[in-house]
Amino acid sequence: MPPLRLLALLAGLLVSARAGLAPLVDIVGGRKARRLEFPFLASIQNEGRHFCGGALIHTRFVLTAASCFRNLNPGVAMVVLGAYDLRRRERSRQTFSIGSISENRYDPQENLNDLLLLQLDREANLTSNVVLVPLPPQNAMVEAGTSCQVAGWGNRKNGGRLSRFPRVVNVTVTPENRCRPNNLCTGVLTRRGGICQGDGGTPLICNGLAHGVASFSPNPCGKGPDFFTRVALFRDWIDSVLNPPGQGLA
Ligand SMILES: *[C@@H]1O[C@H](CO)[C@@H](O)[C@H](O)[C@H]1NC(C)=O
Ligand SMILES: *[C@@H]1O[C@H](CO)[C@@H](O)[C@H](O)[C@H]1NC(C)=O
């Protein structure tokens, strides 16, 4: 179960073997997001190159996947907010280095607890392009069959290239027997669709809340199910990082 950003090589081989089975539609199987449609999306970059997504949950914090930093020191990464077209130096952008990171029992062997809080080096300014996404309450459940959305700059197909603009796909929460207790899993029922390389860390939005963080996909992109870290299991911990005790009522 390798994390999304490590799958590229293997995926390129698999896709050629499977290409005859189903058409590879355009994230996979989605459409181009509109500008300002997902203003809480963060592009996490290394030397100007996007490698993971994230979600702005506080003016000082971005939520992403711990697996994004398996092979990269967060000290060299940048967080870009307010981005849309990755090929342009947009005026809407705010760029940050990472002040500190917080993780909670991340287990890279089992891909469990795959989430990470990045503290930005300074406060983000909230604008029409830079908006906070709300989180679910502790232990909130998402029922199987719920329709959610996932958006990101990840590849449009296995082994392909990053998308220039964020793409969005509607996905459906799978039954628990196709998932694990600490994950939320999704699929696209009628065709190929889902997360791909470069979408790691991007949020899963259900009923307007960031219920998931893209963690991994055991199958080639678009085949599903996709595994997301279940954010509701970490809400109390997230709050304790955002508002450390003893700092008064923020
Ligand atoms: C936020 O706005 C202030 C005032 O315009 C500016 O000085 C600061 O650099 C901005 N911060 C970011 C992260 O862009
Ligand atoms: C996708 O989900 C959004 C938000 O839930 C909904 O408005 C839209 O109609 C859905 N699109 C499709 C093609 O199902």
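Residues numbered from 1 in each chain as written. Chains lettered and ligands numbered in written order. Predicted model: local features only at pLDDT ≥ 70, side-chain atom pairs only at ≥ 80, totals over all residues.

Student: Would you explain the nonpolar core in this entry?
Tutor: A general tendency of soluble globular proteins is for nonpolar side chains to be buried together. By size, the foremost hydrophobic cluster in this structure holds 62 residues, and its most contacted members are Ala-55, Leu-56, Val-62, Leu-63, Val-79 and Val-150. A total of 5 residues in this core trace back to one element, the largest contributor, which is strand S3 (residues 49-58). Taken domain by domain, this core gets at least three of its residues from each of domain 1 (3-34 + 135-232) and domain 2 (41-132 + 235-242). If near-sequence neighbours (up to four positions away) are discounted, Val-150 is found in contact with Ile-27, Val-169, Val-171, Ile-195, Thr-202, Leu-204 and Ala-214. (Core = buried A, V, L, I, M, F, W, Y, C linked by C-beta atoms within 7 Å. Buried ≥ 20, exposed ≤ 12 C-beta atoms within 10 Å, placed from the backbone. Helix = DSSP H or I, 4+ residues; strand = E, 2+ residues; numbered from the N terminus. Domains from an automatic or database assignment. Contact = placed C-beta atoms within 7 Å.)

Student: Mind showing me how you'd approach the pairing of strand S8 (residues 147-152) here?
Tutor: In the case of a regular strand, side chains alternate between the two sheet surfaces. Summarising the sheet, S8 and strand S9 (residues 167-173) pair through 6 bridges and their orientation is antiparallel. Note that in S9 the partner of Ser-147 across the bridge is Thr-172. Pairing geometry for S8 and strand S11 (residues 203-206), over 3 bridges, is antiparallel. Directly across from Cys-148, in S11, lies its bridge partner Cys-206. (Pairing = 2+ DSSP bridges.)

Student: Would you explain the site of ligand 1 in this entry?
Tutor: With respect to spatial proximity, the complete set of residues near ligand 1 consists of Gln-94, Arg-122, Ala-124 and Asn-125. Residue composition of the shell around ligand 1, grouped by class: 1 nonpolar, 2 polar and 1 charged. (Near = placed C-beta within 6 Å. Nonpolar A, V, L, I, M, F, W, Y, C, P; charged D, E, K, R; others polar.)

Student: It is not clear to me how the environment of Ile-195 should be interpreted in this structure. Could you clarify?
Tutor: Structurally, the position occupied by Ile-195 is in the loop between strand S10 (183-187) and S11. Through-space distance from the C-alpha of Ile-195 to that of Ala-151 is 8.3 Å; in sequence the pair is 44 residues apart.

Student: Just checking my understanding: could you explain the sheet that holds strand S5 (residues 77-81) for this structure?
Tutor: Picture the strands of a sheet paired through backbone hydrogen bonds; they go either parallel or antiparallel. Pairing within the closed barrel is antiparallel, and its 6 strands lie in the order S2-S3-S4-S7-S6-S5. For this sheet the average axis-to-axis angle between neighbouring strands, irrespective of direction, equals 45°. One ladder, built from 6 bridges, connects strand S2 (residues 41-46) with S3; its direction is antiparallel. Within S3, the residue paired with Gln-45 across the bridge is His-50. (Axes fitted to C-alpha atoms, helices over the stretch in contact; angles between N-to-C directions.)

Student: What exactly am I supposed to notice about the pairing of strand S4 (residues 61-64) here?
Tutor: Burial along S4 is two-sided: the face carrying Phe-61 and Leu-63 and the face carrying Val-62 and Thr-64 are both buried. Of the strand pairs in this sheet, S3 and S4 are connected by 3 bridges, and their pairing is antiparallel. Counted as the bridge partner of His-58 is Phe-61 from S4. Bridge analysis of S4 against strand S7 (residues 116-120) gives 4 bridges, and the strand direction is antiparallel. By the bridge assignment for S7, Thr-64 is matched with Leu-116.

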